[in-house]
Amino acid sequence: MRHNQSLLLKECMTAMGIAVNIAGAFIAANLHLPVYMDSIGTIMNASLLGPGWAMITGVLGSLASGVLFDVYSLYYAPVQLITGCLAGLLFRGPWMKGRRIVVGTFLFSLPLSLASAAITAFVFGGITSSGSSFLVQIMTKLGMNLTLSCFLVQVITDYADKLMAVFIAAAVAAAMTGEMKRKLRGEIHG
C-alpha cells in the first residue's frame, strides 16, 4: 500500500509536468517566442523525481503537443528524452546547486542543441513552428550555412529556455516542504 502511494504521487507529478509542458509549448508556439517552454515540466520532474520520470514527462508532453497543436513537436520527442536524462542526472550532483546552475544548465543544454539543430536542419530545412526559425532564416539569408545557423540559434535559445525552466523548477522545489519532497521520493508514507 505504501509503495502504491509513492507511485501514485510520482504519476500525479508526471501528469502535472506533462500539462506544464503542453501549456508552455502552446504559449511559446502561438506567440512565436524564440524559446520553446516545452520542457519546464520535464526539468521540474528531473529535479524532483530523477531522470526516468523526467524522460516519461518529456516524451509524453511532446507527443501530446504534437497531436494537439504542433506536429513539429513529435519530431523533437528524442530531445525530450535527452533533456530528462541529462537534467535528472545533473540534479543528483553538485552542478544544479547555487551558482553552478548556470554551468550545469549549459552542460545539459549543449547536447540538446546538437540534437535539435540536426532535426531542425536535416528534417525541416531550418523552418519549424518555433519563433527561433526567424533567426535561422535571417542568418542563412546573411550567408551562413544552414546547419551552422541552426546550431548557433539552438545553442542560444536552448540555453535561455532551459535556464528559465531550471529557475522555475528551483522555485517549485523551494516552495515544497521537506515532507512533500520525502513523500515524492518514497522516504515517508502517510
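See the structure printed just above.
Conventions adopted
- Per chain, the residues get numbers from 1 upward, laid out in the order the sequence is written.
- Note on the predicted model: pLDDT of at least 70 is required for a residue's local features to be given, and 80 or more for side-chain atom pairs to be given and counted; whole-chain, interface and lining totals, by contrast, use all residues.
- Side-chain numbers come from the whole structure's heavy atoms, not from hydrogens or water.
- Put simply, DSSP H or I for four residues or longer makes a helix, DSSP E for two residues or longer makes a strand, and each gets a number counted from the N terminus.
- Expected span of a helix, by definition, is 1.5 Å for each gap between consecutive residues, and there is one gap fewer than residues.
- Under the scheme applied here, a residue whose accessible area is under 20% of the maximum for its type counts as buried, over 50% as exposed, and between as partly exposed, the area being computed with a 1.4 Å probe on protein chains only.
- In this description, the arc belongs to the directions extending from the helix axis to the C-beta atoms.
- Working rule for contacts: check all heavy atoms of both residues, and any pair within 4.5 Å makes them a contact.
- Each aromatic pair joins two rings of Phe, Tyr and Trp (for Trp, the six-membered one) with centres within 6.5 Å, and gets the label stacked for planes under 30 degrees apart, edge-to-face for over 60, and tilted for any other angle.
- Charge-over-ring contacts are defined here by two conditions on Lys NZ or Arg CZ: a distance within 6 Å of the ring centre and an angle within 35 degrees of the ring normal.
- Only one rule defines a salt bridge in this text: a Lys or Arg side-chain nitrogen within 4 Å of an Asp or Glu carboxyl oxygen.

S.K.: Which parts of the structure should I look at to understand helix H5 (residues 77–91)?
M.R.: The periodicity of an α-helix, 3.6 residues per turn, causes residues three or four positions apart to be oriented the same way. Over its 15 residues, H5 extends 21 Å from the first C-alpha to the last, a length consistent with the 21 Å expected when each residue adds 1.5 Å. Taken residue by residue, H5 has Ala-77, Val-79, Gln-80, Thr-83, Gly-84, Ala-87, Gly-88, Leu-90 and Phe-91 as its buried positions. Angular distribution of buried residues about the axis of H5 spans 165°; they occupy a single face of the element. On its buried side, H5 packs onto helix H2 (40–48), helix H3 (51–68), helix H4 (72–75), helix H6 (101–123) and helix H8 (146–175).

S.K.: I'm lost on the packing of aromatic side chains in this one. Help?
M.R.: Considering all chains together, one arrives at five aromatic pairs under this definition. Residues Tyr-75 and Phe-124 carry aromatic rings whose centres are separated by 5.1 Å and whose planes lie at 90° to one another, so their mutual orientation is edge-to-face. Remark: Phe-124 occurs in the loop between H6 and helix H7 (132–141) and Tyr-75 occurs in helix H4; sequence separation between them is 49 residues. According to the relative accessible area criterion, Phe-124 is buried, its value standing at 19%. On the basis of an interplanar angle of 20° and a centroid distance of 6.1 Å, the ring pair of Tyr-76 and Phe-124 is categorised as stacked. Of this pair, Tyr-76 sits in the loop between H4 and H5 while Phe-124 sits in the loop between H6 and H7, and the two are 48 residues apart along the sequence. As far as burial versus exposure is concerned, Tyr-76 and Phe-124 are alike and both buried. One aromatic cluster in this structure is built from Tyr-72, Tyr-75, Tyr-76 and Phe-124. The ring of Trp-95 has Arg-100 sitting right over it, with the charged end atom 5.4 Å from the ring centre.

S.K.: Can you help me understand the pattern of salt bridges in this one?
M.R.: When the charged atoms of two side chains lie near each other, side chains of opposite charge can form a pair. Summed over all chains, the structure comprises three salt bridges. Close ionic contact of Lys-162 with Asp-161 constitutes a salt bridge, the shortest N to O distance being 2.7 Å. Taking relative accessible area as the criterion, Lys-162 reaches 4% and is therefore assigned buried. Residue Asp-161 is classed as buried on the basis of its relative accessible area of 1%. Between Glu-179 and Lys-183 there is a salt bridge, and its shortest N-O distance comes to 3.8 Å. Of this pair, Glu-179 and Lys-183 both sit in helix H9 (residues 178–185), four residues apart, which is roughly one turn of that helix.

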